Amino acid sequence: MRHLISPLDLSVEEIDQLIALASDIEKDRSRYAHVCDGKKLATLFYEPSTRTRLSFEAAMLNLGGSVLGFSSADSSSAAKGESVSDTIRVISSYADICAIRHPKEGAAYVAASKSSIPVINAGDGGHQHPTQTLTDLLTIHSLKGRLSNMTVGLCGDLKFGRTVHSLIHALARYSGIRFVLISPPELKIPDYIRETVLDANGIEYRETTNLDDAMEELDILYMTRVQRERFFNEEDYIRMKDCYILDKEKMKFAKPDMFILHPLPRVNEISVEVDDDPRAAYFKQAEYGVYIRMALIMTLLEVEKPC
Ligand code: CP
């Protein structure tokens, strides 16, 4: 039995296989409509979500399975003090696979250690969000035809943004990847990522506070929201929340084939006027989240690809 807690739980070859399977699913969804008949997915969401929870549920329903779960800690027995460990022991006898989102870093890891069904980390605090990363990799691969040899700009809240942490871990394993890390000084990527992922693997990167200057060198621009829920005080959030706003003016400096990704939800960091730009890929990215989660569920449940 396998879990997915970090993107590094999957080898590059396994990620490539997931991307190939997801691409096949996108081409002919109906072929996969019954491969998980009789299987159940539990979604244990202790934190708010739109895309991750609903795309997991859509993925399982598309595969012929069914779903159960809760969408907030308040509506589960966590509100009465039940631990994640006890919850997952119980859920293991109700479902075949589980996706868990929790505000505490390491919660998915703890759940996996007590689980007798595969556990998927759907976001643990400011730590990791591996299925968003799989979605991002599928999106980049579909748009650019490759995951190597490109300059990727990561902009916004690089300190608390778990999608950024997971994406750096994953992309650092492909050749010729260069990062431009664009953030206010207070929201730079954590030292452990700089030291153990970028420096340790000799990955080329530069840090800057200036989005305008970086635009022309980027092949992908990954915008992120300032993570209000992880700030210790509202004043700091208000000071930094609009530090970057991507608009039509800034897009004039971008390459004609520089695609914009964003894990969503968006607040102000991408002006709605950019949505009509053919390089705006964030809504397509959200759609890809369903295909890659279908591929992941099939893989973790060891379901055969239909002939
Ligand atoms: N990208 C993402 O995790 O979105 P949700 O918070 O809506 O799940």
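Think of each chain on its own: its residues are numbered from 1, step by step along the sequence as written. With pLDDT at 70 or above as the cut-off, local features in this predicted model cover only qualifying residues; side-chain atom pairs require 80 or more to be listed or tallied, and sums for whole chains, interfaces and linings still use all residues. Calculated side-chain values reflect all of the structure's heavy atoms, with hydrogen atoms and water omitted.

## Notes on unusual backbone geometry
Working step 1: For the bond from Leu264 to Pro265, the omega torsion is 5 degrees, close enough to zero to count as cis.
Working step 2: Numbering of helices and strands runs from the N terminus; a helix is a DSSP stretch of H or I covering at least four residues, while a strand is a stretch of E covering at least two. Locating Pro265 in the fold gives a position in the loop between β9 (259-261) and α11 (282-300).
Working step 3: Positive phi, normally seen in glycine, also occurs at Asn149, with a value near 50 degrees.
Working step 4: Tracing the sequence through the fold places Asn149 in the loop between α5 (130-144) and β5 (150-155).
Working step 5: Asn149 gets classed as partly exposed once you look at its relative accessible area, which sits at 47%.
Working step 6: Its identity as a non-glycine residue notwithstanding, Leu264 has a phi of 65 degrees, on the positive side.
Working step 7: Here Leu264 is to be found in the loop between β9 and α11. Under the scheme applied here, a residue whose accessible area is under 20% of the maximum for its type counts as buried, over 50% as exposed, and between as partly exposed, the area being computed with a 1.4 Å probe on protein chains only.

## Some details on the site of the ligand
Working step 1: Nearness here has a simple test: a residue counts as near a molecule or strand if at least one of its heavy atoms is within 4 Å of that partner. In the region of the ligand, the neighbouring residues are Ser49, Thr50, Arg51, Thr52, Arg101, His129, Gln132, Pro263 and Leu264.
Working step 2: Identification of polar contacts relies on pairs of N or O atoms within 3.5 Å, with a donor-acceptor requirement for protein atoms, meaning one able to donate a hydrogen and the other able to accept it, and with residues adjacent in sequence counted only if both atoms are side-chain atoms. At 3.0 Å, a side-chain N or O of Gln132 approaches a nitrogen atom of the ligand.
Working step 3: Coverage of the ligand by the protein amounts to 91% of the 250 Å² it exposes when considered alone.
Working step 4: As a working rule, the residues Ala, Val, Leu, Ile, Met, Phe, Trp, Tyr, Cys and Pro are called nonpolar, Asp, Glu, Lys and Arg charged, and the rest polar, with Gly in that last group. Of the residues contributing to the shell around the ligand, the split by class is 2 nonpolar, 5 polar and 2 charged. Note that accessible areas follow from Shrake-Rupley with a 1.4 Å probe, and for residues the cover is restricted to the protein chains shown.

By themselves, these are just geometric observations and shouldn't be taken as functional.
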